[in-house]
Amino acid sequence: MKNILITGGAGFIGSHVVRLLVNKYPGSTIVNLDNLTYAGNLLNLTDIENRPNYRFVKNDLVDDEGVFALFKEFSFDTVIHLAAESHVDRSIANPMDFVHSNVLGTVNLLNAAKFTWKDNYEGKRFYHISTDEVYGSLGDKGLFTETTPYDPRSPYSASKASSDHFVRAWYHTYKLPVVLSNCSNNYGPNQFPEKLLPLFINNILHKKPLPVYGKGENVRDWLFVKDHAEAIDLIVGKGRIGETYNIGGHNEWKNIDLIRLLCNIMDKKLGRTPGTSAELITYVKDRAGHDLRYAIDAGKVQRELGWKPSVTFEEGLEITVDWYLTNDQWLQQVTSGDYMQYYRKQYEER
Ligand code: NAD
Ligand code: TYD
(Lines give C-alpha, C1' and ligand atoms only; values in the text may rest on other atoms or scores of the structure.)
(Ligands and ions follow the chains in the order given, each with its own letter.)
Protein backbone atom coordinates (compact mmCIF):
# COMPACT_ATOMS: atom_id res chain seq x y z
CA MET A 1 0.00 0.00 0.00
CA LYS A 2 1.72 3.12 -1.23
CA ASN A 3 0.79 6.73 -1.76
CA ILE A 4 2.16 7.43 -5.20
CA LEU A 5 2.48 10.79 -6.94
CA ILE A 6 2.79 10.55 -10.72
CA THR A 7 3.54 13.84 -12.49
CA GLY A 8 2.65 14.27 -16.16
CA GLY A 9 0.15 11.41 -16.00
CA ALA A 10 -2.12 12.96 -18.63
CA GLY A 11 0.66 12.87 -21.24
CA PHE A 12 1.76 10.07 -23.54
CA ILE A 13 4.01 7.90 -21.36
CA GLY A 14 2.49 9.12 -18.09
CA SER A 15 -1.00 7.93 -19.03
CA HIS A 16 0.31 4.40 -19.69
CA VAL A 17 2.11 4.43 -16.33
CA VAL A 18 -1.00 5.68 -14.49
CA ARG A 19 -3.17 2.98 -16.10
CA LEU A 20 -0.67 0.22 -15.31
CA LEU A 21 -0.32 1.21 -11.66
CA VAL A 22 -4.02 1.94 -11.02
CA ASN A 23 -4.89 -1.54 -12.34
CA LYS A 24 -1.99 -3.34 -10.68
CA TYR A 25 -2.10 -1.75 -7.21
CA PRO A 26 -5.76 -1.36 -6.14
CA GLY A 27 -4.66 -0.88 -2.50
CA SER A 28 -2.42 2.07 -3.31
CA THR A 29 -3.46 5.67 -3.89
CA ILE A 30 -2.29 7.09 -7.20
CA VAL A 31 -2.40 10.86 -7.64
CA ASN A 32 -1.81 12.31 -11.10
CA LEU A 33 -0.47 15.88 -11.04
CA ASP A 34 -0.62 17.52 -14.46
CA ASN A 35 -1.36 21.05 -15.62
CA LEU A 36 -2.79 19.83 -18.94
CA THR A 37 -0.57 21.61 -21.42
CA TYR A 38 -1.32 21.03 -25.12
CA ALA A 39 0.27 17.56 -24.62
CA GLY A 40 -1.78 16.56 -21.59
CA ASN A 41 -5.18 15.07 -22.27
CA LEU A 42 -7.63 13.53 -19.81
CA LEU A 43 -9.19 11.61 -22.69
CA ASN A 44 -6.13 9.36 -22.34
CA LEU A 45 -7.45 8.13 -18.99
CA THR A 46 -11.24 7.85 -19.30
CA ASP A 47 -11.15 4.09 -18.64
CA ILE A 48 -9.67 4.50 -15.14
CA GLU A 49 -10.79 8.01 -14.13
CA ASN A 50 -13.46 6.79 -11.69
CA ARG A 51 -11.37 4.19 -9.90
CA PRO A 52 -11.36 4.64 -6.10
CA ASN A 53 -7.54 4.49 -5.96
CA TYR A 54 -7.05 7.29 -8.52
CA ARG A 55 -7.11 11.08 -8.18
CA PHE A 56 -6.36 13.77 -10.74
CA VAL A 57 -5.03 17.18 -9.65
CA LYS A 58 -4.55 19.99 -12.15
CA ASN A 59 -1.61 22.18 -11.24
CA ASP A 60 1.73 23.45 -12.44
CA LEU A 61 4.78 21.66 -11.05
CA VAL A 62 6.33 25.03 -10.44
CA ASP A 63 3.57 26.18 -8.04
CA ASP A 64 5.48 25.65 -4.79
CA GLU A 65 2.55 26.25 -2.43
CA GLY A 66 0.30 23.92 -4.41
CA VAL A 67 2.88 21.14 -4.69
CA PHE A 68 3.91 21.36 -1.02
CA ALA A 69 0.22 21.26 0.02
CA LEU A 70 -0.35 18.20 -2.15
CA PHE A 71 2.53 16.36 -0.45
CA LYS A 72 1.02 17.25 2.93
CA GLU A 73 -2.47 16.14 1.94
CA PHE A 74 -1.47 12.74 0.53
CA SER A 75 1.70 11.85 2.50
CA PHE A 76 3.35 10.50 -0.64
CA ASP A 77 6.05 7.90 -0.13
CA THR A 78 6.72 7.45 -3.85
CA VAL A 79 7.17 10.03 -6.61
CA ILE A 80 7.32 9.07 -10.29
CA HIS A 81 8.25 12.25 -12.11
CA LEU A 82 7.39 12.31 -15.80
CA ALA A 83 5.96 15.81 -16.34
CA ALA A 84 8.04 17.78 -18.80
CA GLU A 85 7.98 19.72 -22.00
CA SER A 86 9.07 16.95 -24.33
CA HIS A 87 9.31 18.03 -27.97
CA VAL A 88 12.69 19.07 -29.44
CA ASP A 89 11.21 21.30 -32.17
CA ARG A 90 9.19 23.26 -29.61
CA SER A 91 12.32 23.63 -27.46
CA ILE A 92 14.11 25.25 -30.39
CA ALA A 93 11.26 27.75 -30.77
CA ASN A 94 10.52 28.37 -27.05
CA PRO A 95 13.42 27.28 -24.82
CA MET A 96 12.15 29.12 -21.71
CA ASP A 97 9.10 26.85 -21.45
CA PHE A 98 11.57 23.98 -21.07
CA VAL A 99 13.56 25.73 -18.36
CA HIS A 100 10.31 26.48 -16.55
CA SER A 101 8.78 23.00 -16.47
CA ASN A 102 11.80 20.73 -16.76
CA VAL A 103 14.30 22.55 -14.57
CA LEU A 104 12.30 24.71 -12.13
CA GLY A 105 9.49 22.15 -11.96
CA THR A 106 11.89 19.34 -11.06
CA VAL A 107 13.69 21.40 -8.41
CA ASN A 108 10.35 22.40 -6.87
CA LEU A 109 9.31 18.76 -6.70
CA LEU A 110 12.64 17.76 -5.13
CA ASN A 111 12.22 20.49 -2.53
CA ALA A 112 8.68 19.40 -1.71
CA ALA A 113 9.81 15.78 -1.23
CA LYS A 114 12.80 16.80 0.92
CA PHE A 115 10.71 19.19 3.01
CA THR A 116 7.88 16.71 3.57
CA TRP A 117 10.07 13.68 4.25
CA LYS A 118 12.24 15.66 6.70
CA ASP A 119 15.24 13.31 6.50
CA ASN A 120 13.03 10.32 7.32
CA TYR A 121 13.63 8.43 4.11
CA GLU A 122 12.51 4.98 5.24
CA GLY A 123 10.29 3.53 2.49
CA LYS A 124 10.52 6.69 0.38
CA ARG A 125 11.54 6.96 -3.26
CA PHE A 126 11.87 9.77 -5.81
CA TYR A 127 12.01 8.38 -9.35
CA HIS A 128 13.00 10.76 -12.14
CA ILE A 129 12.24 9.77 -15.75
CA SER A 130 14.68 11.06 -18.33
CA THR A 131 15.80 10.60 -21.89
CA ASP A 132 18.77 9.19 -23.79
CA GLU A 133 19.07 12.59 -25.52
CA VAL A 134 21.11 13.89 -22.55
CA TYR A 135 24.04 11.81 -23.84
CA GLY A 136 24.22 13.76 -27.11
CA SER A 137 24.68 12.29 -30.55
CA LEU A 138 26.37 9.01 -31.54
CA GLY A 139 28.34 8.35 -34.72
CA ASP A 140 27.79 5.17 -36.72
CA LYS A 141 28.98 2.90 -33.91
CA GLY A 142 28.59 2.52 -30.14
CA LEU A 143 25.75 2.63 -27.62
CA PHE A 144 24.87 4.94 -24.72
CA THR A 145 25.57 3.35 -21.34
CA GLU A 146 24.84 4.71 -17.85
CA THR A 147 28.41 6.06 -17.72
CA THR A 148 28.40 7.88 -21.07
CA PRO A 149 29.27 11.54 -20.35
CA TYR A 150 26.42 14.01 -20.72
CA ASP A 151 26.57 16.09 -23.91
CA PRO A 152 23.10 17.59 -24.51
CA ARG A 153 22.76 19.56 -27.72
CA SER A 154 19.15 20.80 -27.94
CA PRO A 155 17.34 23.07 -25.48
CA TYR A 156 15.11 20.07 -24.66
CA SER A 157 18.00 17.71 -23.87
CA ALA A 158 19.87 20.47 -22.02
CA SER A 159 16.84 21.04 -19.78
CA LYS A 160 16.48 17.30 -19.13
CA ALA A 161 20.22 16.97 -18.43
CA SER A 162 19.93 19.85 -16.00
CA SER A 163 17.01 18.19 -14.21
CA ASP A 164 18.98 14.91 -13.99
CA HIS A 165 21.89 16.78 -12.39
CA PHE A 166 19.57 18.40 -9.84
CA VAL A 167 18.09 15.01 -8.93
CA ARG A 168 21.57 13.56 -8.36
CA ALA A 169 22.58 16.67 -6.40
CA TRP A 170 19.64 16.10 -4.01
CA TYR A 171 20.83 12.50 -3.55
CA HIS A 172 24.43 13.44 -2.82
CA THR A 173 23.74 16.57 -0.78
CA TYR A 174 20.56 15.73 1.12
CA LYS A 175 20.56 11.89 0.77
CA LEU A 176 17.16 12.03 -0.94
CA PRO A 177 16.46 8.43 -2.07
CA VAL A 178 16.42 8.92 -5.83
CA VAL A 179 16.52 6.60 -8.80
CA LEU A 180 16.69 7.65 -12.47
CA SER A 181 16.16 6.12 -15.88
CA ASN A 182 17.05 7.37 -19.34
CA CYS A 183 14.98 5.92 -22.14
CA SER A 184 15.13 5.91 -25.94
CA ASN A 185 12.33 7.09 -28.29
CA ASN A 186 8.91 5.74 -27.33
CA TYR A 187 6.06 5.01 -29.72
CA GLY A 188 2.51 3.77 -29.23
CA PRO A 189 -1.09 4.85 -28.57
CA ASN A 190 -1.85 8.33 -27.15
CA GLN A 191 1.30 10.07 -28.43
CA PHE A 192 0.68 13.67 -29.44
CA PRO A 193 0.87 14.00 -33.24
CA GLU A 194 3.85 16.33 -33.26
CA LYS A 195 6.29 13.44 -32.79
CA LEU A 196 7.38 11.48 -35.84
CA LEU A 197 5.13 8.41 -35.86
CA PRO A 198 1.72 9.86 -34.88
CA LEU A 199 2.37 12.96 -37.03
CA PHE A 200 3.09 10.83 -40.08
CA ILE A 201 0.15 8.48 -39.43
CA ASN A 202 -2.16 11.50 -39.21
CA ASN A 203 -0.69 13.07 -42.35
CA ILE A 204 -0.97 9.84 -44.34
CA LEU A 205 -4.61 9.56 -43.26
CA HIS A 206 -5.28 13.07 -44.58
CA LYS A 207 -2.96 12.72 -47.62
CA LYS A 208 -0.75 15.55 -46.38
CA PRO A 209 3.01 15.78 -47.11
CA LEU A 210 5.34 13.78 -44.85
CA PRO A 211 8.06 16.28 -43.84
CA VAL A 212 11.35 14.35 -43.56
CA TYR A 213 14.07 16.46 -41.96
CA GLY A 214 17.33 16.61 -43.93
CA LYS A 215 18.04 13.36 -45.77
CA GLY A 216 16.16 11.14 -43.33
CA GLU A 217 19.42 9.51 -42.28
CA ASN A 218 19.14 10.13 -38.54
CA VAL A 219 18.78 7.01 -36.43
CA ARG A 220 16.53 6.46 -33.42
CA ASP A 221 16.10 3.42 -31.12
CA TRP A 222 12.36 2.75 -30.79
CA LEU A 223 10.61 1.24 -27.76
CA PHE A 224 6.91 0.43 -27.36
CA VAL A 225 5.46 2.70 -24.66
CA LYS A 226 3.89 -0.13 -22.63
CA ASP A 227 7.30 -1.78 -22.32
CA HIS A 228 8.65 1.52 -20.98
CA ALA A 229 5.79 1.63 -18.46
CA GLU A 230 6.64 -1.93 -17.32
CA ALA A 231 10.28 -0.92 -16.87
CA ILE A 232 9.19 2.09 -14.80
CA ASP A 233 7.09 -0.16 -12.55
CA LEU A 234 10.07 -2.48 -12.03
CA ILE A 235 12.55 0.33 -11.36
CA VAL A 236 10.31 2.18 -8.92
CA GLY A 237 9.91 -1.02 -6.92
CA LYS A 238 13.31 -2.67 -7.24
CA GLY A 239 15.81 -0.18 -8.69
CA ARG A 240 18.76 0.56 -6.41
CA ILE A 241 18.75 3.97 -4.72
CA GLY A 242 21.18 6.43 -6.33
CA GLU A 243 21.38 4.37 -9.52
CA THR A 244 20.54 5.14 -13.13
CA TYR A 245 19.07 2.61 -15.58
CA ASN A 246 19.15 3.00 -19.35
CA ILE A 247 16.08 1.66 -21.14
CA GLY A 248 15.90 0.99 -24.88
CA GLY A 249 14.50 -1.28 -27.52
CA HIS A 250 17.72 -2.50 -29.23
CA ASN A 251 15.70 -1.43 -32.23
CA GLU A 252 17.52 1.11 -34.37
CA TRP A 253 15.90 2.56 -37.45
CA LYS A 254 17.07 5.16 -39.92
CA ASN A 255 14.18 7.64 -40.18
CA ILE A 256 13.65 7.15 -43.90
CA ASP A 257 13.53 3.34 -43.57
CA LEU A 258 11.03 3.60 -40.73
CA ILE A 259 8.91 6.05 -42.72
CA ARG A 260 8.87 3.74 -45.76
CA LEU A 261 7.84 0.82 -43.52
CA LEU A 262 5.05 2.93 -42.03
CA CYS A 263 3.88 3.97 -45.52
CA ASN A 264 3.62 0.30 -46.56
CA ILE A 265 1.64 -0.61 -43.43
CA MET A 266 -0.69 2.36 -43.91
CA ASP A 267 -1.32 1.49 -47.58
CA LYS A 268 -2.37 -2.02 -46.53
CA LYS A 269 -4.54 -0.82 -43.62
CA LEU A 270 -6.26 1.86 -45.70
CA GLY A 271 -6.68 -0.36 -48.78
CA ARG A 272 -4.62 2.04 -50.91
CA THR A 273 -2.48 0.97 -53.87
CA PRO A 274 1.07 0.06 -52.69
CA GLY A 275 3.31 3.13 -53.01
CA THR A 276 0.51 5.70 -52.50
CA SER A 277 1.64 6.90 -49.06
CA ALA A 278 5.36 6.97 -49.98
CA GLU A 279 4.50 9.54 -52.65
CA LEU A 280 3.75 11.96 -49.79
CA ILE A 281 7.40 11.86 -48.59
CA THR A 282 8.80 15.40 -48.81
CA TYR A 283 12.35 16.30 -47.79
CA VAL A 284 12.39 19.57 -45.84
CA LYS A 285 15.02 21.76 -44.19
CA ASP A 286 16.84 19.86 -41.46
CA ARG A 287 16.17 20.46 -37.75
CA ALA A 288 18.79 22.80 -36.25
CA GLY A 289 21.43 20.78 -34.37
CA HIS A 290 19.73 17.52 -35.38
CA ASP A 291 21.37 14.67 -33.40
CA LEU A 292 22.50 11.96 -35.82
CA ARG A 293 22.00 8.79 -33.84
CA TYR A 294 20.69 7.55 -30.49
CA ALA A 295 21.06 3.94 -29.35
CA ILE A 296 20.84 2.49 -25.86
CA ASP A 297 22.65 -0.34 -24.13
CA ALA A 298 19.87 -1.64 -21.85
CA GLY A 299 22.07 -4.40 -20.37
CA LYS A 300 21.99 -3.11 -16.78
CA VAL A 301 18.20 -3.07 -16.36
CA GLN A 302 18.04 -6.49 -17.99
CA ARG A 303 20.76 -8.01 -15.77
CA GLU A 304 19.65 -6.40 -12.48
CA LEU A 305 15.87 -6.33 -12.84
CA GLY A 306 15.16 -8.85 -15.59
CA TRP A 307 13.48 -6.30 -17.87
CA LYS A 308 13.36 -6.67 -21.61
CA PRO A 309 10.91 -5.49 -24.28
CA SER A 310 7.88 -7.78 -24.56
CA VAL A 311 6.64 -6.92 -28.04
CA THR A 312 8.53 -6.99 -31.32
CA PHE A 313 8.65 -3.81 -33.38
CA GLU A 314 6.33 -5.37 -35.97
CA GLU A 315 3.72 -6.14 -33.28
CA GLY A 316 4.11 -2.74 -31.62
CA LEU A 317 3.77 -0.83 -34.88
CA GLU A 318 0.68 -2.80 -35.84
CA ILE A 319 -0.96 -2.09 -32.45
CA THR A 320 -0.01 1.58 -32.78
CA VAL A 321 -1.33 2.09 -36.31
CA ASP A 322 -4.56 0.25 -35.43
CA TRP A 323 -5.01 2.43 -32.36
CA TYR A 324 -4.76 5.71 -34.32
CA LEU A 325 -7.07 4.40 -37.04
CA THR A 326 -9.67 3.30 -34.48
CA ASN A 327 -9.35 6.41 -32.32
CA ASP A 328 -9.84 9.01 -35.04
CA GLN A 329 -11.96 11.05 -32.60
CA TRP A 330 -8.95 11.36 -30.27
CA LEU A 331 -6.82 12.49 -33.21
CA GLN A 332 -9.47 14.97 -34.32
CA GLN A 333 -9.81 16.40 -30.83
CA VAL A 334 -6.10 16.96 -30.26
CA THR A 335 -5.43 18.34 -33.74
CA SER A 336 -7.93 21.19 -33.61
CA GLY A 337 -7.25 24.78 -32.50
CA ASP A 338 -3.74 25.32 -31.13
CA TYR A 339 -2.37 22.36 -33.03
CA MET A 340 -3.12 23.95 -36.40
CA GLN A 341 -1.29 27.09 -35.35
CA TYR A 342 1.75 25.05 -34.27
CA TYR A 343 1.63 23.08 -37.50
CA ARG A 344 1.58 26.18 -39.71
CA LYS A 345 4.52 27.70 -37.86
CA GLN A 346 6.57 24.51 -37.79
CA TYR A 347 6.02 23.26 -41.35
CA GLU A 348 4.28 25.70 -43.65
CA GLU A 349 6.60 28.60 -42.76
CA ARG A 350 9.66 26.34 -42.81
P1 NAD B 1 4.26 14.44 -23.10
O2 NAD B 1 4.67 15.76 -23.67
O3 NAD B 1 3.36 13.56 -23.90
O4 NAD B 1 3.55 14.65 -21.69
C5 NAD B 1 4.06 15.50 -20.72
C6 NAD B 1 2.98 15.76 -19.67
O7 NAD B 1 3.53 16.64 -18.68
C8 NAD B 1 1.74 16.43 -20.24
O9 NAD B 1 0.58 15.79 -19.76
C10 NAD B 1 1.83 17.87 -19.71
O11 NAD B 1 0.56 18.46 -19.49
C12 NAD B 1 2.59 17.67 -18.41
N13 NAD B 1 3.34 18.88 -18.01
C14 NAD B 1 4.25 19.56 -18.75
N15 NAD B 1 4.70 20.63 -18.05
C16 NAD B 1 4.06 20.61 -16.85
C17 NAD B 1 4.11 21.43 -15.69
N18 NAD B 1 4.88 22.52 -15.65
N19 NAD B 1 3.34 21.12 -14.63
C20 NAD B 1 2.54 20.02 -14.66
N21 NAD B 1 2.46 19.20 -15.73
C22 NAD B 1 3.20 19.49 -16.81
O23 NAD B 1 5.62 13.70 -22.75
P24 NAD B 1 6.00 12.16 -22.82
O25 NAD B 1 6.47 11.84 -24.18
O26 NAD B 1 4.92 11.35 -22.21
O27 NAD B 1 7.29 12.14 -21.87
C28 NAD B 1 7.14 11.94 -20.46
C29 NAD B 1 8.52 11.97 -19.82
O30 NAD B 1 9.35 10.95 -20.38
C31 NAD B 1 9.27 13.29 -20.04
O32 NAD B 1 9.96 13.60 -18.86
C33 NAD B 1 10.24 12.98 -21.18
O34 NAD B 1 11.39 13.78 -21.09
C35 NAD B 1 10.54 11.52 -20.90
N36 NAD B 1 10.91 10.71 -22.09
C37 NAD B 1 10.12 10.72 -23.21
C38 NAD B 1 10.48 9.93 -24.30
C39 NAD B 1 9.61 9.87 -25.54
O40 NAD B 1 10.02 9.24 -26.53
N41 NAD B 1 8.43 10.46 -25.56
C42 NAD B 1 11.63 9.15 -24.25
C43 NAD B 1 12.42 9.17 -23.09
C44 NAD B 1 12.04 9.95 -22.01
P1 TYD C 1 10.82 13.09 -32.79
O2 TYD C 1 9.65 12.15 -32.82
O3 TYD C 1 10.60 14.55 -32.71
O4 TYD C 1 11.75 12.58 -31.59
P5 TYD C 1 13.26 13.04 -31.17
O6 TYD C 1 13.64 14.25 -31.93
O7 TYD C 1 13.08 13.34 -29.72
O8 TYD C 1 14.12 11.86 -31.44
O9 TYD C 1 11.70 12.81 -34.09
C10 TYD C 1 12.20 11.52 -34.39
C11 TYD C 1 13.10 11.65 -35.60
O12 TYD C 1 12.28 12.03 -36.74
C13 TYD C 1 14.15 12.76 -35.46
O14 TYD C 1 15.35 12.33 -36.09
C15 TYD C 1 13.54 13.93 -36.22
C16 TYD C 1 12.72 13.27 -37.31
N17 TYD C 1 11.52 14.03 -37.73
C18 TYD C 1 11.30 14.32 -39.07
O19 TYD C 1 12.11 13.94 -39.96
N20 TYD C 1 10.18 15.03 -39.41
C21 TYD C 1 9.29 15.47 -38.49
O22 TYD C 1 8.29 16.14 -38.87
C23 TYD C 1 9.50 15.14 -37.12
C24 TYD C 1 8.55 15.60 -36.06
C25 TYD C 1 10.63 14.41 -36.79
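Before any of the text, the structure's been laid out above.
Read on for a plain summary of the structure.

The rules behind the values
- Residues numbered from 1 in each chain as written.
- Chains lettered and ligands numbered in written order.
- Predicted model: local features only at pLDDT ≥ 70, side-chain atom pairs only at ≥ 80, totals over all residues.
- Heavy atoms only, no water.
- Pairing = 2+ DSSP bridges.
- Helix = DSSP H or I, 4+ residues; strand = E, 2+ residues; numbered from the N terminus.
- Axes fitted to C-alpha atoms, helices over the stretch in contact; angles between N-to-C directions.
- Buried < 20%, exposed > 50% of the residue type's maximum accessible area, 1.4 Å probe, protein only.
- Arc of directions from axis to C-beta.
- Contact = heavy atoms within 4.5 Å.
- Polar contact = N/O pair within 3.5 Å; in protein donor to acceptor, adjacent residues only side chain to side chain.

1. Digging into the sheet that holds strand β9 (residues 219–224)
Reading across the sheet, the three strands line up as β7-β9-β11 and stay open at both edges, with mixed pairing between neighbours. Across the chains shown, the open sheet's two edge strands, defined by having one partner strand only, are β7 (185–187) and β11 (252–254). Strand after strand, the sheet turns through a mean of 50 degrees between neighbouring axes, direction not considered. Strand direction decides the pairing type here: β9 and β11, joined by three bridges, are antiparallel. Considered in β11, the bridge of V219 is made with K254.

2. Remarks on helix α2 (residues 64–74)
Along α2, the residues classified as buried are V67, L70, F71 and F74. Taken around the axis of α2, the buried residues stretch over an arc of 100 degrees, which confines them to a single face. Turned more than 90 degrees away from the buried face of α2 sit E65, K72 and E73, all of them exposed. Looking at the buried positions of α2, the neighbouring elements they touch are β1 (3–7), β2 (29–34), β3 (54–58), β4 (78–81) and α4 (95–117). For α2, the N-terminal capping position is held by D63, with its side-chain oxygen 3.3 Å away from the main-chain nitrogen of E65. Directly after α2, the chain includes S75, whose backbone phi takes a positive value near 45 degrees.

3. Here we look at the pairing of β9
Of all six residues making up β9, six are buried, and the element is well covered by its neighbours. Burial along β9 is two-sided: the residues V219, D221 and L223 and R220, W222 and F224 are all buried. Across three bridges, β7 lies against β9 in parallel orientation. Within the sheet, the bridge partner assigned to N186 lies in β9 and is L223.

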